[in-house]
Amino acid sequence: MFKSLAKWAALAALPLVTAHGALADDVNLERSMLWSAYDVGSSGYTEASMIADALMKEYGVRIRIMPSGTAIGRLKPLETGRVKFAFLATETYFAAEGIYDFATPDWGPQDLRVLLGRPASVSLATAADANIKTLEDLRGKRVAYVEANPSVNIKAEALMASAGLTWDDVQQVRLPSYGASLRGMIEDTVDAAIVSPGAPTLYELASSPRGLAWPRIPLDDKDAWERLNKVAPIFEAAMETVGAGMSEDKPASMAAYRYPMIVSYAALSDDEAYNMTKAVASTYDLYKDSNPVMPRWDVKLSGRPPVDAPFHPGAIRYLKEIGVWTAEDDKWNQKRLEHLQKVQAAWKAARDEAKTKGVSDDAWPQFWMDYRKEALSAG
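Cut-offs and rules
Residues numbered from 1 in each chain as written. Predicted model: local features only at pLDDT ≥ 70, side-chain atom pairs only at ≥ 80, totals over all residues. Heavy atoms only, no water. Helix = DSSP H or I, 4+ residues; strand = E, 2+ residues; numbered from the N terminus. Expected span 1.5 Å × (residues − 1). Buried < 20%, exposed > 50% of the residue type's maximum accessible area, 1.4 Å probe, protein only. Contact = heavy atoms within 4.5 Å. Pairing = 2+ DSSP bridges. Axes fitted to C-alpha atoms, helices over the stretch in contact; angles between N-to-C directions. Parallel < 35°, antiparallel > 145°, perpendicular 65-115°, else oblique. Left-handed = near helix turned anticlockwise from the far one by under 90°. Nonpolar A, V, L, I, M, F, W, Y, C, P; charged D, E, K, R; others polar. Salt bridge = Lys/Arg side-chain N within 4 Å of Asp/Glu carboxyl O.

**Description of helix α5 (residues 150-162)**
Argument step 1. If you check α5, its first and last C-alpha atoms are 18 Å apart, about what 13 residues at 1.5 Å a residue would give, namely 18 Å.
Argument step 2. Of all 13 residues making up α5, twelve are buried, and the element is well covered by its neighbours.
Argument step 3. Burial in α5 covers these residues: P150, S151, V152, N153, I154, K155, A156, A158, L159, M160, A161 and S162.
Argument step 4. Backbone geometry just after α5 places G164 at a positive phi near 75°.

**A few points about the environment of D330**
Argument step 1. Inspection of the secondary structure assignment puts D330 in helix α13 (residues 327-357).
Argument step 2. Along the chain, D330 and R304 lie 26 residues apart, while their C-alpha atoms are 9.9 Å from each other.

**A few points about the environment of V343**
Argument step 1. Tracing the chain through its elements places V343 in helix α13.
Argument step 2. In the structure, V343 is positioned 147 residues away from S196 in sequence and 30 Å away in space, judged by C-alpha atoms.
Argument step 3. What V343 contacts, discounting residues up to four positions off in sequence, is A96, E97, P109, W368, R372 and L376.

**What about the pairing of strand β11 (residues 252-265)?**
Argument step 1. With respect to burial, β11 is a largely interior element, 14 of its 14 residues being buried.
Argument step 2. Neither face of β11 is left uncovered, since the one carrying A252, M254, A256, R258, P260, I262 and S264 and the one carrying S253, A255, Y257, Y259, M261, V263 and Y265 both have all their residues buried.
Argument step 3. Bridging between strand β4 (residues 85-88) and β11 involves three bridges; their strand directions are antiparallel. Looking at the pairing, L88 lines up with M261 of β11.
Argument step 4. As defined by bridge partners, strand β10 (residues 236-240) adjoins β11 across five bridges and the pair is classed as antiparallel. Bridge assignment links E236 to a residue of β11, and that residue is A256.

**Focus on unusual backbone geometry**
Argument step 1. Between Y259 and P260 the backbone carries a cis peptide bond, its omega angle lying at -5°.
Argument step 2. Within the secondary structure layout, P260 lies in strand β11.
Argument step 3. The linkage connecting P305 with the following residue, P306, adopts the cis geometry, with an omega of 5°.
Argument step 4. Relative to the helices and strands, P306 resides in the loop between α11 (299-302) and α12 (313-321).

**Thoughts on α12**
Argument step 1. Of the residues making up α12, those classed as buried are G314, A315, I316, Y318 and L319.
Argument step 2. Its buried side turned inward, α12 meets β5 (112-127), α9 (270-282), α11 and α13.
Argument step 3. The positive-phi residue at the C-terminal boundary of α12 is G323, with phi of around 80°.

**Notes on the packing of α13 against helix α14 (residues 364-378)**
When two helices pack together, you describe them by how their axes are tilted relative to each other and by the distance separating the axes.
Argument step 1. At a minimum axis separation of 9 Å, α13 and α14 run at an interaxial angle of 130°. Taken together, α13 and α14 sit at an angle that is classed as oblique. The two elements α13 and α14 cross, and the hand of that crossing is right-handed. Counting all contacts with α13, which are made through H339, K342, V343, A346, W347, A349, A350, R351, E353, A354 and K357, the residues of α14 involved are W364, F367, W368, Y371, R372, A375 and L376.
Argument step 2. Looking at the contact of α13 with α14, its residues break down into twelve nonpolar, one polar and five charged.

**Things to note about the pattern of salt bridges**
Two side chains carrying opposite charge are able to pair once their charged atoms lie near each other.
Argument step 1. Evaluation of the coordinates by the stated rule reveals 27 salt bridges.
Argument step 2. For R142, the salt bridge identified is with D188, shortest N-O distance 2.7 Å. Linking R142 in strand β6 (residues 142-146) with D188 in the loop between α6 (178-186) and β8 (192-195), this pair joins segments that are 46 residues apart in sequence.
Argument step 3. Across the pair R296 and E240 runs a salt bridge, and its minimum N-O distance is 2.9 Å. Residue R296 is found in the loop between α10 (284-287) and α11, and its partner E240 is found in strand β10; the two are separated by 56 residues along the sequence. The same class applies to R296 as to E240, namely buried.

Written out as structure tokens, the structure reads:
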């Protein structure tokens, strides 16, 4: 079970007109499609494959998936037009904002749009013997920082921010990989690490002498969630029951984000976005039982913000047709559009200034990040 606390009760009452398994004949898809996704074996690739299989069965189309282990590898085919849809994670946010891998001169802010995004949960798992009951208790503790993995680190930063903490308030333990950060809890080199609750290593931690504990996240603390979403406005409060150290009788408070998301560029036509969104929603019954997380592709969950970039207007058209999209969703989407317009304007101004000042390509990323921070603070 997964409950998005901010919207669960309201969703039950939504007048869902024609979401699942309806009007298949009204969908118009390209006969042959190529999508990009995470590596073979990842949940992102697996879920993309399950949805592709449903679309091929229902509509007689051909779909091939291009796997890649890097953010650039997944975005480049989308940017060049080789693919129109990509199953992405937090790199969507980084690309839209022009940060991390996308702060280089040949990238910058990308005008991305989301069609649908499956809710996923995440938190800072802790070793039980570290006695971390709340996020505030992380102060002075050993928290994993994964080298060259901003997707993991920004989640840790956001959760700590909800408790008024930064990396300066904890012992930052730098590790070479996500797997090493989880092993660190078992090996007693770290006390806490960012993780999704179903990670196999967590079950090993739970049965180890250190044990597993999930710190309480203040789900109803508005100020805490404002601090969290100031780091990245892609999270919401949720209760999770599927994973290590939790159950229906013992749920854990989590931060919810979206992985994977079906992402396109804004230039994709409204009709193409509409038809793809409708196709994925209409074939839900064909893939929802494929694995334990696929029910979370229910359009009442996957078709609502927050997500890592604004929703595509073609997707919104379909979501309005079936009674899922609300006035609050419109407000969220407009706010994100206005913010990203500021980011894109700042990029253009920064490039002009850098050219005047002779800023080198090597020096550009730091120049841009400083310029971006000042421009957005002023706005």
